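So you can see what is in the structure, the chains are spelled out below.
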Amino acid sequence: MSDLTDLYREVILDHNRQPRNFGELDDADRVIEGVNPLCGDRMTLYIKLDDGRVDDVRFTGTGCAISVASSSLMTERVKGTTVDESLALFKQVHRMLTEQTDENECTELGKLAALSGVREYPSRIKCASLAWHALRTALTSDDEAISTE
Ligand code: FES
C-alpha cells in the first residue's frame, strides 16, 4: 500500500472518529436534510450565512465512515469561504469523485483528496458526495431535502 493511500486512510479515520463541526446550529439560515437512498443513512446540514459568506456550518446524522468523514471535511473546508468559493469547491470535489482527475488536481484539494479513493467503489461515491450535494442545494435553492439518487 502506498504512503499516500495510508495518509488518505488516516484522514478518513480521524474525521470519522472525531467529526469536526458536528451538532446543530440554532441560528442557521439554511437547514437541509440529505439522504442516501442506497442505505437510508441521513445527514442534516446547517448553514449560517453572513454577507455572502458561509459564516458557520455544522452537521448531524449517522452514516458510514466515508459519509461522516466527508461531511466533517466539507464543513471544515467551507467555513469562512464565500458562497461562490463553496460552489466552486463542490464542482472540484464532484469531479474528483466521479471523473478521472490527475494527481495535481487532487493535490490542489488538500485533505479533501482523501475522498478520491471512493472512485474505485461506485456504491461509495454516494456516501462521499451526500454532504456536498446538501451543501450545493443549501446554497442554491430553497429545497429542504436532497437525495443522492
Ligand atoms: Fe450509508 Fe455510506 S453506507 S452513507
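Residues numbered from 1 in each chain as written. Predicted model: local features only at pLDDT ≥ 70, side-chain atom pairs only at ≥ 80, totals over all residues. Heavy atoms only, no water.

1. A look at unusual backbone geometry
Of note, N21 is a non-glycine position whose phi angle comes to about 60 degrees, a positive value. You can see N21 is positioned in the loop between α1 (3-17) and β1 (30-36). Notably, D51 is not glycine yet its phi reads approximately 50 degrees, a positive angle. By the secondary structure assignment, D51 is in the loop between β2 (41-50) and β3 (53-62). (Helix = DSSP H or I, 4+ residues; strand = E, 2+ residues; numbered from the N terminus.)

2. Quick word on helix α3 (residues 83-98)
For α3, built from 16 residues, the straight-helix expectation of 22 Å at 1.5 Å per residue is met to within 8% by its first-to-last C-alpha distance of 22 Å. Three or more residues of α3 are buried, namely V83, S86, L89, F90, V93, M96 and L97. Projected down its long axis, α3 shows its buried positions confined to an angular sector of 140 degrees, all on one face. Away from its buried face, by an angle of more than 90 degrees, α3 presents the exposed residues D84 and K91. Taken together, the buried residues of α3 touch β2, β3, α2 (65-78), α4 (103-108) and α5 (122-140). (Expected span 1.5 Å × (residues − 1). Buried < 20%, exposed > 50% of the residue type's maximum accessible area, 1.4 Å probe, protein only. Arc of directions from axis to C-beta. Contact = heavy atoms within 4.5 Å.)

3. Here's the deal with the packing of aromatic side chains
Counted under the stated rule, the structure contains 1 aromatic pair. Between F22 and F59, the ring centres sit 5.1 Å apart and the planes meet at 90 degrees, which makes this aromatic pair edge-to-face. Of this pair, F22 sits in the loop between α1 and β1 while F59 is found in strand β3, placing the two residues 37 residues apart along the sequence. The class of F59 is buried, set by a relative accessible area of 2%. (Phe/Tyr/Trp six-rings, centres within 6.5 Å; stacked < 30°, edge-to-face > 60°.)

4. Section: a negative patch on the surface
A contiguous patch of negative charge on the surface is contributed by E24, D26, D27, D29, D50, D51 and D55. One can find D55 in strand β3. (Patch = residues over 30% accessible without salt bridge, like charges linked within 9 Å, V, L, I, M, F, W, Y side chains within 5 Å. Areas by Shrake-Rupley, 256 points an atom, 1.4 Å probe, with all protein chains shown as cover. Salt bridge = Lys/Arg side-chain N within 4 Å of Asp/Glu carboxyl O. Lys, Arg positive; Asp, Glu negative; His and termini not counted. Charge placed at Lys NZ, Arg CZ, Asp CG, Glu CD.)

Any link to function would need more than the numbers given here.
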